[in-house]
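# A look at the structure
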Amino acid sequence: MFDVILALTISFAVSFLAIPVIIRVAALKKLYDLPDERKVHQAPIPALGGLGIFAGFCFAALLIANFQQSRDIQYFLAASVVIFYLGLKDDIIVISPIKKFIGQVLAAFIIIYYGNLQINSMHGFLGIYELPETFSLLFTYLTVIVIINSFNLIDGIDGLAGSLGLLSTSVFGIYFVSIGNTTDAVLAFSLAGAILAFLIFNFQPARIFMGDTGSLLLGLINAILVIKFINVAGHPGVSFPISAAPAVGFGILMVPLLDTLRVFAIRMFQRRSPFSPDRNHIHHLFLDHGFSHRTIAILLLTLNAIAIAICFMMRNSGCTWLMGLLFGIFYAVIGVMYYNRRRRPRLFVTPVDQVAKTKSTTKFVPLTEDSVLQQK
């Protein structure tokens, strides 16, 4: 328990001290995330907060984790370094989705092949138990890549990805502490402490964003923790067994996972790349209703926390039934948001000589040249 508290404290301290320095350096070097038609912030803001998160997480994990007790943690940290450089390059020089995908596959390969991390059983979900070796490997790769991208895609407003990441890593860490798995608990709380320090500077109004460096790291570590959780919690010999372990693990990551799967489905249905940007995320729906960033982050955090509480209360129910309940809760919220969504006024631009020919009752607003507006 002392190691867990120490890891949490050290990661918090390192990140808390590093982030103000990163903000100053980003301002000096003009390393900003510039606003555009898809983004919701209005002013240039540094997007290198992931540097501070990685520094706190990596230092605490390297210092506190017991590598002799669990040798696979060195491969998890190696995969974290791959993700760190991938995200950092994307934050400074935007890279193509295919290069990001290749980097994610490389990180997944390290934790699966060298770290021996694999989903071997579905614990009765849809009547499936043990998985064939080839399908197990493919499913594990898919799980890791989807979770990595889920945190990357949910990072759209101030405080949201960090809050959800703090919640999930804390829940995983508490569970691992309860069953005496100190090494994985140290891994979880090393990231939780770094995220907690980052959120001090990220809640609205945000002074810094985590960028891809931070969001990809959150996704990778949560992918490792949830697979560890499914394999350990589903074992009947553990001190706190959970028969519906896949559903409970899914519930801990419910908001980022289900929103990502929903957005991917919409994009593919529209014959677009699943990685193409748009404004279909759940936080965009809340923004269209007029909610502030802080309110949206708290609401979605509460929704995910309620789902986690339901999962643990019904942890010994059927895995399929519990998974269906999670889908029902999430998509009921989405349905309510779509049904009550405000209709935005539509703006069209037309030449002045066409206005007289238009017989519509639509209000016409003349546009005049303004040097200040043109600069903005």
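Note that the coordinates shown come from a computational prediction; the quantities given were computed from them, not determined experimentally.

A few words now on the pattern of salt bridges. Applying the stated criterion to the full structure yields five salt bridges. One salt bridge connects aspartate 212 with lysine 100, and the closest N-O pair in it is separated by 2.8 Å. Of this pair, aspartate 212 sits in helix 8 (residues 211-233) while lysine 100 sits in helix 4 (residues 97-114), and the two are 112 residues apart along the sequence. A residue is classified by how much of its surface remains accessible, and aspartate 212, at 13% relative accessible area, is buried. One salt-bridge network, held together by shared partners, links Asp72, Asp184 and Lys228.

Here the structure, examined in full by the defined rule, presents 17 aromatic pairs. For the ring pair tyrosine 175 and phenylalanine 176, a centre distance of 6.1 Å and an interplane angle of 65° mean the geometry is edge-to-face. This pair shows no difference in class: tyrosine 175 is buried, exactly as phenylalanine 176 is. In this structure an aromatic cluster arises from ring pairing among Phe172, Tyr175, Phe176, Phe229 and Phe240.

Our next topic: the side chain of serine 80. Among the secondary structure elements, serine 80 is positioned in helix 3 (residues 73-92). Residue serine 80 is classed as buried on the basis of its relative accessible area, which comes to 0%. Among the polar contacts listed, one links the side chain of serine 80 to the backbone oxygen of phenylalanine 76, at a separation of 2.9 Å. Beyond its immediate sequence surroundings of up to four residues, serine 80 is in contact with Phe54, Phe57, Leu217, Leu220 and Ile221.

A separate point is helix 3. In a regular helix each residue adds 1.5 Å, so 20 residues correspond to 28 Å; helix 3 covers 29 Å between its end C-alpha atoms and thus fits that length. Every buried residue belonging to helix 3 is among Ile73, Phe76, Leu77, Ala79, Ser80, Ile83, Phe84, Leu86, Gly87, Leu88 and Asp90, and all of these are buried. Among the structural elements, helix 2 (49-64), helix 4, helix 5 (133-154), helix 7 (182-202) and helix 8 are those in contact with the buried residues of helix 3.

Here the protein chain shows a mean pLDDT of 86. Residues at 70 or above account for 87%. When the elements of the protein chain are averaged for pLDDT, helix 15 (residues 371-375) gives the smallest value, 50, and helix 6 (residues 160-178) the largest, 95.

A covalent bond between the sulfur atoms of two cysteines is what we call a disulfide. Within this structure, the stated rule accounts for zero disulfides. Cysteine 311 takes part in no disulfide bond, and the closest cysteine sulfur, belonging to cysteine 319, lies 9.7 Å away. Judged by relative accessible area, which is 0%, cysteine 311 ranks as buried.

Quick look at the pairing of strand 3 (residues 121-125) now. Taking burial as the measure, the five residues of strand 3 include five buried ones, the bulk of the element. Bridge analysis of strand 3 against strand 4 (residues 128-130) gives two bridges, and the strand direction is antiparallel. Across the sheet, the residue bridging to serine 121 is glutamate 130, located in strand 4. Between the antiparallel neighbours strand 3 and strand 4 lie two residues, among them leucine 126 with a positive phi of about 55°.

Attention now goes to the packing of helix 3 against helix 8. Two numbers describe how helix 3 lies on helix 8: the axes approach to 7 Å, and their chain directions differ by 155°. Regarding the angle of helix 3 to helix 8, the classification is roughly antiparallel. The two elements helix 3 and helix 8 cross, and the hand of that crossing is right-handed. Contact residues: helix 3 offers Phe76, Ala79, Ser80, Ile83, Phe84, Leu86, Gly87, Leu88, Asp90 and Asp91, while helix 8 offers Gly211, Asp212, Thr213, Leu216, Leu217, Leu220, Ile221, Ile224 and Lys228. Here the residues of the contact of helix 3 with helix 8 are counted per class, giving 11 nonpolar, four polar and four charged.

Quick notes on the rules
Residues numbered from 1 in each chain as written. Predicted model: local features only at pLDDT ≥ 70, side-chain atom pairs only at ≥ 80, totals over all residues. Heavy atoms only, no water. Salt bridge = Lys/Arg side-chain N within 4 Å of Asp/Glu carboxyl O. Helix = DSSP H or I, 4+ residues; strand = E, 2+ residues; numbered from the N terminus. Buried < 20%, exposed > 50% of the residue type's maximum accessible area, 1.4 Å probe, protein only. Phe/Tyr/Trp six-rings, centres within 6.5 Å; stacked < 30°, edge-to-face > 60°. Polar contact = N/O pair within 3.5 Å; in protein donor to acceptor, adjacent residues only side chain to side chain. Contact = heavy atoms within 4.5 Å. Expected span 1.5 Å × (residues − 1). pLDDT = per-residue confidence, 0-100. Disulfide = S-S within 2.5 Å. Pairing = 2+ DSSP bridges. Axes fitted to C-alpha atoms, helices over the stretch in contact; angles between N-to-C directions. Parallel < 35°, antiparallel > 145°, perpendicular 65-115°, else oblique. Left-handed = near helix turned anticlockwise from the far one by under 90°. Nonpolar A, V, L, I, M, F, W, Y, C, P; charged D, E, K, R; others polar.

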